[in-house]
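Okay, here's what each chain looks like letter by letter:
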Amino acid sequence: MLTDIQIKNARAKEKVWYLADFDSLRLAIYPTGRKTWQHRFRMKAKPYIRTGADYPTMSIREARAWRDNNNELRSQGILPPKKYDLINQVSNDEVTFKDMFDMWHKTMSKQWTDDYSIDTQQRADMYLLPQLAKLPVPSIKIGIVMDILLGIQETGKLDTVKKIKGIVTRVLGFGVSWEVVEFNVALSLSPDLFIKKKEKHYAHADTPEKLKKVL
């Protein structure tokens, strides 16, 4: 395991060289003196490199946490997203909406009841994933989301519109937090696009005399 002293004492050479930490985390040391974290791994026998931030901007502890997050995604069958500016990136794979939804859903399910988790998955399976599943998150434009929601609205399912809008907004927001996408397009949807469900007002006693009659 690396220490701060080892890293600080590491000197640049004519060619890039590496200091290994553990569990496939390493520090690349460039001829310019730049020191950058890298995580190497394989998925389906294919090698990948994810490049983190520079040391000391990203501390040893932060680099290990980043590596652990990548491994958590891999355990779910999700290719870790490109969180940082990449150097010597091996793959050009893009994170799809389904990748992001699965990651978000698994994270949030730890806080939800089983029934709510199942309901959320079923709504996504019915209304979002058929159209969005294979799309890279950065390619999802406001018009795509709007068309899905207005299509649901045309069926008269106003409650469903609200719930689906909430799901897609939170998933894309999760993508912004992971720096998979720069902006959450769902936040730009005007509320005036959607029909509001009329509230039902029931008769009620608003004076003591009327209350006596009701009783």
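Residues numbered from 1 in each chain as written. Predicted model: local features only at pLDDT ≥ 70, side-chain atom pairs only at ≥ 80, totals over all residues. Heavy atoms only, no water.

What follows is about the packing of aromatic side chains. The description of an aromatic ring pair uses the distance of the two centres, along with the angle that the planes make with each other. Under the counting rule described, the total for this entry stands at five aromatic pairs. Between Trp104 and Trp112, the ring centres sit 5.4 Å apart and the planes meet at 75 degrees, which makes this aromatic pair edge-to-face. The class of Trp104 is buried, set by a relative accessible area of 3%. When the centroid spacing of 5.0 Å and the interplanar angle of 75 degrees are considered together, the rings of Trp112 and Tyr116 count as edge-to-face. Put simply, the rings of Phe101, Trp104, Trp112 and Tyr116 touch in pairs and so form one group of aromatic residues. Positioned above the aromatic ring of Phe22, the side-chain terminus of Arg67 is 4.6 Å from the ring centre. (Phe/Tyr/Trp six-rings, centres within 6.5 Å; stacked < 30°, edge-to-face > 60°. Buried < 20%, exposed > 50% of the residue type's maximum accessible area, 1.4 Å probe, protein only. Lys NZ or Arg CZ within 6 Å of the ring centre and 35° of its normal.)

This brings us to the sheet that holds strand E3 (residues 35–43). Overall, antiparallel pairing links the four strands, which are arranged E1-E2-E3-E4 in an open sheet. At either end of the open sheet lies a strand with only one pairing partner, and these are strand E1 (17–20) and strand E4 (46–54). Across this sheet, the average inter-strand angle for adjacent strands is 35 degrees, counted without regard to direction. The pairing of strand E2 (residues 25–29) with E3 spans five bridges and is antiparallel. Residue pairing across strands places Ala28 opposite Thr36, the latter belonging to E3. Contacts from helix H2 (residues 60–75) reach E2, E3 and E4 within the one sheet, and its direction differs from that of E3 by about 20 degrees. (Pairing = 2+ DSSP bridges. Helix = DSSP H or I, 4+ residues; strand = E, 2+ residues; numbered from the N terminus. Axes fitted to C-alpha atoms, helices over the stretch in contact; angles between N-to-C directions. Contact = heavy atoms within 4.5 Å.)

Under the 1.5 Å per step criterion, the end-to-end length of helix H6 (residues 158–177) is 29 Å for 20 residues, consistent within 8% with the ideal 28 Å. When we look at burial in H6, the residues that qualify are Thr160, Val161, Ile164, Ile167, Val168, Thr169, Val171, Leu172, Phe174 and Gly175. Where the residues of H6 are buried, they touch helix H3 (97–109), helix H4 (114–132) and helix H5 (142–154). Phi for Glu179, located one or two positions after H6, is positive at around 60 degrees. (Expected span 1.5 Å × (residues − 1).)

Let us now look at the confidence of the model for the protein chain. Scored by pLDDT, the protein chain comes out at a mean of 86, with 86% of its residues at no less than 70. Predicted confidence for residues 85–92 stays below pLDDT 50, and this span has 19 contacts to residues more than four positions away or in other chains. (pLDDT = per-residue confidence, 0-100.)

What follows concerns the pattern of salt bridges. The tally for this structure, following the rule as stated, stands at six salt bridges. Put simply, Asp23 and Arg67 hold a salt bridge, and the shortest N to O gap is 3.8 Å. Here Asp23, found in the loop between E1 and E2, pairs with Arg67, found in helix H2; they are 44 residues apart in sequence, far enough to count as distant. Ionic pairing is found between Arg67 and Asp68, a salt bridge with its closest N-O pair at 2.9 Å. The partly exposed category is assigned to Asp68, whose relative accessible area is 41%. (Salt bridge = Lys/Arg side-chain N within 4 Å of Asp/Glu carboxyl O.)

Phe97, Met100, Phe101, Trp104, Leu128, Val168 and Leu172 are the most contacted members of the largest nonpolar core, which totals 36 residues. At the level of secondary structure, the elements contributing two or more residues to this core comprise H3, H4, H5 and H6. If near-sequence neighbours (up to four positions away) are discounted, Trp104 is found in contact with Trp112, Thr120, Ile167, Arg170, Val171 and Phe174. Core analysis: the next-biggest nonpolar cluster, separate from the first, contains 15 residues, Leu2, Ala10, Trp17 and Trp66 among them. (Core = buried A, V, L, I, M, F, W, Y, C linked by side-chain atoms within 4.5 Å.)

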